[in-house]
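# Architecture and fold: a report
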Amino acid sequence: MIDERQASADPGYVTQPLEAPGVSGYLPQGGRRRCDPLARPLQREPHVVVPTREVVCYECDKVCRIPAAALSATCPHCFAHLSTGDVTLKPGTHRLHVRTLGNVKIPDGVELSHLDVVCHHLQVAGCVNGALRATGSLTLTGHAALSGKLIAHTLVVQRGANAQVSPGISVEQAELHGALCGLVHARGHVRIHATGQLTGPCRAASLQIDPGGRHAGTLTRSDSPT
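Heads up: these notes are all about the structure in this document. Here the structure is a predicted model, which is why all the values come from computation and not from measurement. In every chain, residue numbers begin from 1 and rise along the written sequence. Two thresholds apply to this predicted model, a pLDDT of at least 70 for residue-level local features and 80 or more for giving and counting side-chain atom pairs, whereas whole-chain, interface and lining totals are computed over all residues. Side-chain measures were taken over the full set of non-hydrogen atoms in the model, leaving aside hydrogen atoms and water.

### A short note on the pattern of salt bridges
Filter applied, for reference: Whenever Lys or Arg places a side-chain nitrogen within 4 Å of a carboxyl oxygen from Asp or Glu, that contact is recorded as a salt bridge. A run of H or I in DSSP becomes a helix once it reaches four residues, and a run of E becomes a strand once it reaches two; helices and strands are each numbered from the N terminus. Any residue under 20% of the maximum accessible area for its type is buried, any over 50% is exposed, and the rest in between are partly exposed; the area is computed with a 1.4 Å probe on protein chains only.
The final tally for this structure, using the stated rule, is five salt bridges. When the shortest N-O distance is used, the salt bridge between R65 and E54 registers 3.8 Å. Here R65 is found in strand β2 (residues 63–67), whereas its partner E54 is found in strand β1 (residues 52–56), with eleven residues between them in sequence. Between D116 and R99 there is a salt bridge, with the nearest N and O atoms lying 3.2 Å from each other. Separated by 17 residues along the polypeptide, D116 in strand β8 (residues 111–119) and R99 in strand β6 (residues 97–99) bring together distant segments of the chain. Classification of D116 by relative accessible area gives partly exposed; the value is 22%. For R99, a relative accessible area of 24% puts it in the partly exposed group.

### Digging into the nonpolar core
The following threshold applies: By nonpolar core is meant a set of buried Ala, Val, Leu, Ile, Met, Phe, Trp, Tyr and Cys residues that side-chain atoms within 4.5 Å join together. Two residues qualify as a contact provided that any one of their heavy atoms is within 4.5 Å of a heavy atom in the partner residue.
In terms of nonpolar packing, the biggest core is built from 38 residues, with L140, L146 and L180 touching the most fellow members. For L146, the contacting residues outside a window of four places in its chain are V124, V128, L132, L138, L140, Q164, V165 and S166. Core analysis: the second largest hydrophobic core is formed by eleven residues, Y58, C64, I66 and A73 among them.

### Regarding the environment of P76
Counting through the fold element by element, P76 comes out in the loop between β3 (72–74) and β4 (81–83). Classification of P76 as partly exposed rests on a relative accessible area of 47%.

### Some points on the side chain of T141
Among the secondary structure elements, T141 is positioned in the loop between β10 (127–140) and β11 (145–157). Residue classification places T141 among the buried residues on the basis of a relative accessible area of 11%. Ignoring anything within four residues of it in the chain, the contact list for T141 reads Q123, V124, A125, Q158 and A161.

Right, here's the structure in full:
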C-alpha cells in the first residue's frame, strides 16, 4: 500500500485512470475519460436499409442507384447533380430546357418550339419541336405532333390517339394501340395491336401485326445495311 504523500513525492509514480475495453479514453480536449468497469458495453446503432431505385444518368447515360425518396442525387460515375422531380409544361411556359430523372408531361393545347427535354417517362399530347429523350417510355396521346430528334426506350401510342412524328423516332421497342404517322426505327420489337395503325416506314428487328392492325409503308430489318 503506497502512501499518498510517498506517491506525490516520488516523481516516477503516475496514477492512470481506469478505462473500459473497446472504449476510447481520450477526450477531444486531450484529457482522459474515467470509465465505470461495471457499466454496460456500448451498443452499435442498428443498420438501416435505405430503399433505392435504378436510374439512368442523363449526363453520362450510365445506370446507377439512388435513394428512392431523394429529391436530388449525384451520379457516382460522372458526379453530375441530378434532379428527380416531375415536370408539367403548361401553355405559355418559358421553360424550354428540362433535365430530370422524373417524368415530364406535355398536355393537350401546349405548343412549344426549340424544346430540349431529357427525362424518365415522357407523355405528350401537344405539339412540340426540339430534342426529346426518354430513358423510359414516350407515350403519345390525342393529336400529339412531335418533330426533331426523338429518342426513347419504349414508344407507346395510346388507343384512340392520332399522333405524328417527323421525320421519325428511334426506340428500343414500340407498342401501337392507336394511329401513328411517321418513321419508326426500333432496335427491337414493334407490335401493332388490333386498334393500332402505322403509316410510314418501319425499321425493326421484328414486327408483329395483330388481326385488325394495319401498316402502310415499307418494312426493313434493323440489322440490315442502310
